[in-house]
Amino acid sequence: MNKTLLIIGAGGFIGGFIAAEGLRRGYDVWVGVRESTSRRYLTDPRLKFVVFDYDDPDKVEQALLANAPTPGGWQYIIWNLGATKCANFSMFNLVNFMYPRTFVETLRRNGMTPDRFLYMSSLSAVGPGDEKDYTPITSATIPDPNTRYGLSKIKTETYLETLPDFPWTIFRPTGVYGPHEQDYLMMIKSIDSHFDFGVGYKPQLLTFIYVDDLVNAMYDALQSPRTVHRKYIISEDKAYTQKEFRRMVADELGVKWVIPVKLPLWAAYVASVVSEKWGAAKMKAMTLNTDKFRIMKQRNWSCDISDATRDFGFKPKVSLREGLHRTVEAYLAEKAAKGGKK
């Protein structure tokens with residue numbers, strides 16, 4: 001029998017890549033989605049769909065029991081569901097903490113504990129790094145999240161740590177990019193229009209992980225006995241300046257000149273507060289908000305990935321240059337298909 005895998009949060013950018021790689025590696029793959037979830041990246045007929053109503057614990061339980069391949073459930077579960085921007089903290093708490101906690105409790109209550117449960121957290125769960133000497137963030141760095149998003153993620157990490165009989169592994173990826181991702185696409189579009197916007201004047205070190213490298217790391221970690229009850233930072237083993245990022249994107253786009261625009265921190269903060277309050281009034285999550293401001297303000301995103309290298313051989317294969325080539329290529333192809341509109 002093939003190994004069985006359930007992916008929770010399979011409909012988004014990363015979820016489609018997780019599902020495709022699972023099939024490629026010979027897993028029987030179930031994809032957990034909401035009724036309203038787009039299935040744009042989940043078109044392979046071998047995928048088995050499980051529809052969840054995460055707001056109703058009883059319906060979550062019914063869906064698990066009705067779709068499990070065996071009474072014991074799935075061998076592997078990847079929790080990839082999460083909210084990165086919300087109109088208020090209660091939504092962050094609901095989606096990023098209450099949903100996974102309820103799900104795990106349901107698994108344990110029904111004797112469906114998997115061989116491994118991989119929880120996708122975030123580097124934002126750690127909070128700001130050393131901005132004096134720019135020491136890389138490590139798995140031993142004491143978390144001190146300064147965003148509502150990061151706080152909701154660390155709450156779930158802490159909950160999992162209270163379960164010594166539950167085989168969890170936690171990933172804390174840095175900025176994930178690749179074809180179909182939207183946040184970095186905004187930056188690419190901006191550079192394509194000859195502008196690159198940044199915040200603050202103090203030097204900033206950025207880190208990235210190409211989606212294929214992240215997904216391959218997931219499957220390698222699932223199969224390693226050394227990763228149980230461990231947390232891992234997932235990143236390319238190199239940091240970049242915004243100028244280096246801008247130059248690479250411009251080269252791939254064939255853009256000859258780009259105007260870097262640096263906003264002072266106070267101006268960026270005011271804009272984020274206004275945008276967030278407008279979104280709250282409209283009950284709409286805004287891309288620019290105070291969480292986003294704190295993330296942009298953070299100067300040191302450099303990472304130490306030695307634990308992941310030691311425990312499951314993690315070594316990113318796609319450099320930022322190559323990853324941006326693939327990402328920009330997909331952007332230009334879609335742009336051409338739309339008649340050149342940005």
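Refer to the structure presented above.
Here is what the cut-offs are and how they apply
Residues numbered from 1 in each chain as written. Predicted model: local features only at pLDDT ≥ 70, side-chain atom pairs only at ≥ 80, totals over all residues. Heavy atoms only, no water. Core = buried A, V, L, I, M, F, W, Y, C linked by side-chain atoms within 4.5 Å. Buried < 20%, exposed > 50% of the residue type's maximum accessible area, 1.4 Å probe, protein only. Helix = DSSP H or I, 4+ residues; strand = E, 2+ residues; numbered from the N terminus. Contact = heavy atoms within 4.5 Å. 1 Å grid on protein atoms, 1.4 Å probe; cavity = no way out; pocket = protein on both sides within 12 Å on 5 of 7 lines; lining within 4 Å. Points joined across faces, edges and corners; volume = space filled by probe spheres on them. Nonpolar A, V, L, I, M, F, W, Y, C, P; charged D, E, K, R; others polar. Arc of directions from axis to C-beta. Polar contact = N/O pair within 3.5 Å; in protein donor to acceptor, adjacent residues only side chain to side chain. Pairing = 2+ DSSP bridges. Axes fitted to C-alpha atoms, helices over the stretch in contact; angles between N-to-C directions. Salt bridge = Lys/Arg side-chain N within 4 Å of Asp/Glu carboxyl O. Expected span 1.5 Å × (residues − 1).

### Examining the nonpolar core
Nonpolar side chains tend to gather and get buried jointly when the protein is soluble and globular.
Consideration 1: One finds Ile 14, Phe 171, Leu 214, Met 218, Ile 234 and Phe 312 to be the most contacted residues of the largest nonpolar core, which totals 62 residues.
Consideration 2: Ranked by residues supplied to this core, first place goes to helix 6 (residues 211-222) with eight residues.
Consideration 3: Residues in contact with Phe 312, not counting those within four places in the same chain, are Phe 171, Ala 217, Asp 220, Ala 221, Ser 224, Thr 227, Tyr 232 and Ile 234.
Consideration 4: Grouped together as the second largest cluster of nonpolar side chains are 33 residues, Leu 6, Ile 8, Ala 63 and Trp 168 included.

### Quick notes on the layout of surface pockets
Consideration 1: Approximately 330 Å³ is the volume attributed to the second largest pocket.
Consideration 2: Along the walls of the second largest pocket sit 20 residues, with Gln 182, Leu 185, Lys 189, Tyr 331 and Glu 334 positioned nearest its centre.
Consideration 3: When residues of the lining of the second largest pocket are traced back to their parent elements, those giving at least two are helix 5 (183-192) and helix 11 (320-337).
Consideration 4: If you tally residues by element for the lining of the second largest pocket, the top one is helix 11, at five residues.
Consideration 5: A breakdown of the residues in the lining of the second largest pocket according to their chemical character gives eight nonpolar, four polar and eight charged.

### Describing helix 9 (residues 290-297)
Consideration 1: If you check which residues of helix 9 are buried, you get Thr 290, Asp 291 and Phe 293. Seen along its axis, helix 9 keeps its buried residues to an arc of 160°; they face one direction.
Consideration 2: Where helix 9 is buried, its residues contact helix 3 (89-109), helix 4 (148-161) and helix 8 (265-282).
Consideration 3: Where helix 9 starts, the residue carrying a side-chain oxygen 3.0 Å from the main-chain nitrogen of Asp 291 turns out to be Asn 289.

### Quick notes on the sheet that holds strand 4 (residues 76-79)
Consideration 1: Pairing is parallel in the open sheet, where seven strands are placed in the order 3-2-1-4-5-6-10. Across the chains shown, the open sheet's two edge strands, defined by having one partner strand only, are strand 3 (48-51) and strand 10 (231-234). On average, adjacent strands in this sheet sit at an angle of 20° to one another, irrespective of strand direction.
Consideration 2: Lying over the sheet, helix 1 (residues 13-24) contacts strand 1 (4-8), strand 2 (28-33) and strand 4, oriented at roughly 165° with respect to strand 2.
Consideration 3: Across the face of the sheet, helix 3 comes into contact with strand 1, strand 4 and strand 5 (116-120) while running at roughly 165° to strand 4.

### A few points about the pattern of salt bridges
Consideration 1: One pass over the structure, following the stated rule, counts 24 salt bridges.
Consideration 2: Linking Lys 231 and Glu 161 is a salt bridge whose minimum nitrogen-to-oxygen distance equals 3.1 Å. With a gap of 70 residues between them, Lys 231 in strand 10 and Glu 161 in helix 4 connect regions that are remote in the sequence.
Consideration 3: Assessed through its relative accessible area of 42%, Glu 161 is described here as partly exposed.
Consideration 4: Several salt bridges share partner residues, and in doing so they unite Arg 226, Arg 230, Asp 307, Arg 310 and Asp 311 into one network.

### As for helix 8
Since the α-helix advances by 3.6 residues per turn, residues separated by three or four positions end up pointing in the same direction.
Consideration 1: Taking 1.5 Å per residue, 18 residues should reach 26 Å; helix 8 reaches 26 Å between its end C-alpha atoms and fits that length.
Consideration 2: All of the buried residues along helix 8 are Ala 268, Ser 272, Ser 275, Glu 276 and Gly 279. Axial view of helix 8: buried residues confined to an arc of 100°, hence all on one face. Seen from the open side of helix 8, the exposed residues pointing more than 90 degrees away from its buried face are Trp 266, Val 274, Lys 277, Trp 278 and Ala 281.
Consideration 3: Immediately downstream of helix 8, the backbone of Met 283 shows phi near 55°, a positive value.

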